[in-house]
Amino acid sequence: NPRPPTPSIPDAMVDTRALLLERYPEGSPPWTARVSARLDAFAYHVARGVREAYVSSGFARDAACIFAALFAVACFENFRIKASDEENNTAATKSAAVRDPSHGVFYALFELVSAFGNVGLSLGSLRHPDRDVAFSHDLKVGSLLVLGVVMIGARTRSLPRRVDASLAYPDLSAQDVLRFPV
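Bear in mind that the values here come from a model prediction, so they are computed numbers and not experimental data.

How each quantity is defined
Sequence order sets the numbering: in each chain, residues are counted from 1 along the sequence as written. Under the rules for a predicted model, residues below a pLDDT of 70 receive no local features and side-chain atom pairs below 80 are neither given nor counted, while totals for whole chains, interfaces and linings still include all residues. To get the side-chain values, all heavy atoms of the structure are used, and hydrogens and water are removed first. A score between 0 and 100, pLDDT records how confident the predictor is in each residue. To qualify as a helix, a DSSP run of H or I must reach at least 4 residues; to qualify as a strand, a run of E must reach at least 2; elements of each kind are numbered from the N terminus. Contact criterion: two residues are considered in contact whenever any of their non-hydrogen atoms come within 4.5 Å of each other. Categorising residues by exposure relies on relative accessible area from a 1.4 Å probe, with only protein chains included: less than 20% of the type maximum marks a residue as buried, more than 50% marks it as exposed, and the intermediate range marks it as partly exposed. For the purpose of charge, His is not counted, nor are the chain termini; Lys and Arg are scored as positive and Asp and Glu as negative. Between Lys or Arg on one side and Asp or Glu on the other, a salt bridge is scored when a side-chain nitrogen of the former is within 4 Å of a carboxyl oxygen of the latter. N or O atoms within 3.5 Å of each other form a polar contact, as long as, within protein, one can give a hydrogen and the other can take it, and as long as residues adjacent in sequence are counted only when both atoms are side-chain atoms. Expected helix span is computed as 1.5 Å times (number of residues minus one). Note: the arc covers the axis-to-C-beta directions of the helix. For the purposes of this section, nonpolar cores are sets of buried Ala, Val, Leu, Ile, Met, Phe, Trp, Tyr and Cys residues that join through side-chain atoms within 4.5 Å.

### Observations regarding the confidence of the model for the protein
Confidence in the prediction of the protein, expressed as mean pLDDT, is 75, and 64% of residues score 70 or more. By mean pLDDT, helix α5 (residues 91–94) is the weakest element of the protein at 46, and helix α7 (residues 141–156) is the strongest at 90. Low confidence marks residues 91–98, where pLDDT is under 50. Its contacts with residues over four positions away, or in another chain, come to 10 contacts.

What follows is the structure in structure tokens.
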């Protein structure tokens, strides 16, 4: 009796013990085969979880929002990846209070992600490290507006799907709204 064809299932979805018993029916599978099968299964399930999170949770939209906001803040603040040699020789940059300008991009990203999550964390001021002020103290007005838009947008991004039933828009026809039928 020929075996009926089995559907093509990735090996990573099958229990690794059953898979190894099928591949090595005579005895114990080699250590490398056991480790390899388990690593393949682990990699498959991690990739599947990341793929599902990417598709179902709006990850791409959120990442694009943060990137666009970081780009806008970098434009407003005129961030540079590396300071020029002329700027490094000025007296202002030799002081201990002013740090490398490339830190500003990381600080801005941290501030934006914190705003996106409505967390309220900050790494502190780059211009005034001796004072207890947030990095947003260093930002210009345009960057602060971007930060505010990110905070409000992130806070309300899931409202249409999860809004309270009392606030949801009901499906009403004209006859339901008007006192007298049309």
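### What to know about the side chain of Asp138
Of note, Asp138 is situated in the loop between α6 (103–116) and α7. One buried charged side chain, Asp138, makes no salt bridge at all; its nearest oppositely charged neighbour is Arg127, positioned 4.6 Å away. Here the side chain of Asp138 touches Ser125 through a polar contact of 2.7 Å, side chain to side chain.

### A few points about helix α3 (residues 59–77)
End to end, α3 covers 27 Å across 19 residues, agreeing with the expected 27 Å (1.5 Å per residue, within 8%). Among the residues making up α3, those that are buried are Asp62, Ile66, Ala69, Leu70, Val73 and Glu77. Projection of α3 onto a plane perpendicular to its axis shows the buried side chains occupying an angular sector of 100 degrees, all on one side. Facing away from the buried side of α3 by more than 90 degrees, the exposed set consists of Phe67 and Phe71. Where α3 is buried, its residues touch α6 and α7. Remark: Asn78 follows α3 within two positions and exhibits a positive phi of approximately 55 degrees.

### Quick word on the nonpolar core
Among the nonpolar cores identified, the biggest contains 16 residues, and Val73, Leu112, Phe135 and Val150 are the most heavily contacted of them. Mapped by element, the contributors of at least two residues to this core are α3, α6 and α7. With 5 residues, α6 is the largest single contributor of residues to this core. For Leu112, the contacting residues outside a window of four places in its chain are Ile66, Ala69, Leu70, Val73, Leu147 and Val150.

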